[in-house]
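Structure assessment
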Amino acid sequence: MSMSLKTPTRGTATAQAPSPAPRRPPTARRRALREHLTAYGFLSAAVVIFALFSWWPIIRNVLLGFQDVNFATGNTWNGTRNFEKLLDDPLFLTAWRNTGLFTLYALALGFAVPFLTAVLLNEFRHARAYFRVLVYLPVMLPPVVVALMWKWFYDPGPGLFNEILRTLHLPTSAWLDSSSTSLISLVIVSTWANMGTTTLIYLAALQTIPGELYEAAELDGANVWQRLRHVTVPQTRFVLLVLLLLQIVATMQVFTEPYVMTGGGPEDSTVTVMFLVYRYAFVYNDFGTASALSLLLLIVLGVFSALYLRVTRAAKE
């Protein structure tokens, strides 16, 4: 048996070759290039503005921390003399101690109160929007206005709080005029003024929790605190950790309340790190030492943030 092989003729093709992709018209290429250039133009403008007003001041502050600043004759390098001056200042450790205490008190109040307020607002079925506005209202007030208003509240004479205590036949308090109550009084002001934003963030996180989890917990006989512990807190854990870090960073930089309300007194009980930075820069006219102290604060907050993120990431894994 013979087998004949058919060879393809010249007019037939063995396989269909893929057709080349159509070329983009020159006008389309130019339009795409123009769109990309426009986008990068807007992006570069934002980067330049951010660099001028954020990155360059940080770099400039680092340089000033190692210089004797003189705006008339020019700056001169002095090595670590500014840091040595800080260590010799008795207010250096006092400022760090007051700042640490303020942060601890602010966490005890400013971290728990907004979360519990958000849980309470989440249970409301009527007038929820009204209470949200009411909670957020202090945030819309200027910080200096808030400080002056509370300073009148704390006035030992005709102040609102002491008048209420006199009406109830209770002993009055010195509030800002006593070293034992001045710092916690500032913490109360800071918590009241800043809790609105945190409360709304917590409230948004609570509304993402599926209702089936609460229903299952109720069927298992869980009470309010058990539902809060085993359902609410685990479901909002990420938001809690992030806001805890942000609140620590913010409270370590407290300045407005001690500057406006106490001036660092009484007996330097409300002198914070940022208040001491202000005093070095604008009272002593020693911008080099002020920059050195702010650089130390930056390093402390940076190291703490890195360790915090590392620990929370390891716990999550």
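It should be emphasised that the depicted structure is a prediction, and the values quoted were computed from it without experimental measurement. (Residues numbered from 1 in each chain as written. Predicted model: local features only at pLDDT ≥ 70, side-chain atom pairs only at ≥ 80, totals over all residues. Heavy atoms only, no water.)

**Quick look at helix 2 (residues 81-88)**
- Taken together, the buried positions of helix 2 are occupied by Asn82, Phe83 and Leu86. Down the axis, helix 2 shows its buried residues gathered within 100° of arc, on one side only. Residues Leu87 and Asp88 are exposed on helix 2 and point more than 90 degrees away from its buried face. (Buried < 20%, exposed > 50% of the residue type's maximum accessible area, 1.4 Å probe, protein only. Helix = DSSP H or I, 4+ residues; strand = E, 2+ residues; numbered from the N terminus. Arc of directions from axis to C-beta.)

**Regarding helix 13 (residues 273-283)**
- Listing the buried residues of helix 13 in full gives Val273, Phe275, Leu276, Val277, Arg279, Tyr280 and Ala281.
- Following helix 13 by one or two positions, Asn285 has its phi on the positive side, about 55°.

**With respect to the pattern of salt bridges**
- Under the counting rule described, the total for this entry stands at 3 salt bridges.
- The closest approach of N and O atoms between Lys85 and Asp286, which form a salt bridge, is 2.8 Å. Separated by 201 residues along the polypeptide, Lys85 in helix 2 and Asp286 in the loop between helix 13 and helix 14 (287-316) bring together distant segments of the chain.
- Residue Lys85 is classed as partly exposed on the basis of its relative accessible area, which comes to 35%.
- Note that Glu163 and Arg166 form a salt bridge whose closest N and O atoms lie 3.1 Å from each other. Taken together, the positions of Glu163 and Arg166, both in helix 7 (residues 160-167) and 3 residues apart, correspond to about one turn of that helix. (Salt bridge = Lys/Arg side-chain N within 4 Å of Asp/Glu carboxyl O.)

**As for a positive patch on the surface**
- A cluster of like positive charges, contributed by Arg29, Arg30, Arg31 and Arg34, occupies part of the molecular surface.
- If you trace the backbone, Arg34 turns up in helix 1 (residues 26-64). (Patch = residues over 30% accessible without salt bridge, like charges linked within 9 Å, V, L, I, M, F, W, Y side chains within 5 Å. Areas by Shrake-Rupley, 256 points an atom, 1.4 Å probe, with all protein chains shown as cover. Lys, Arg positive; Asp, Glu negative; His and termini not counted. Charge placed at Lys NZ, Arg CZ, Asp CG, Glu CD.)

**Here we look at the confidence of the model for the protein chain**
- In this model, the protein chain carries a mean pLDDT of 86, and residues with pLDDT of at least 70 account for 91%.
- The secondary structure element of the protein chain with the lowest average pLDDT is helix 9 (residues 211-219), at 82, and the one with the highest is helix 13, at 95.
- This model gives residues 1-9 a pLDDT under 50, and the stretch forms 1 contact once residues within four places in sequence are excluded.
- Throughout residues 11-15 the model reports pLDDT below 50, and contacts reaching past four residues in sequence, or to other chains, amount to 1 contact. (pLDDT = per-residue confidence, 0-100. Contact = heavy atoms within 4.5 Å.)

**What to know about the nonpolar core**
- With 25 residues, the main nonpolar core has Leu86, Trp96, Met252, Val273, Leu276, Leu293 and Leu297 as its most contacted residues.
- For this core, the secondary structure elements donating two or more residues are helix 2, helix 3 (90-110), helix 11 (237-251), helix 13 and helix 14.
- Counting 18 residues, the second-largest nonpolar core is a separate cluster that includes Ala106, Phe153, Leu186 and Val189. (Core = buried A, V, L, I, M, F, W, Y, C linked by side-chain atoms within 4.5 Å.)

**Here we look at unusual backbone geometry**
- Residues Gly265 and Pro266 are joined by a peptide bond in cis, for which omega reads -5°.
- Despite not being glycine, Asp268 has its phi angle at roughly 60°, a positive value.
- In this structure, Asp268 sits in the loop between helix 12 (256-262) and helix 13.
- Judged by its relative accessible area of 31%, Asp268 falls in the partly exposed class.

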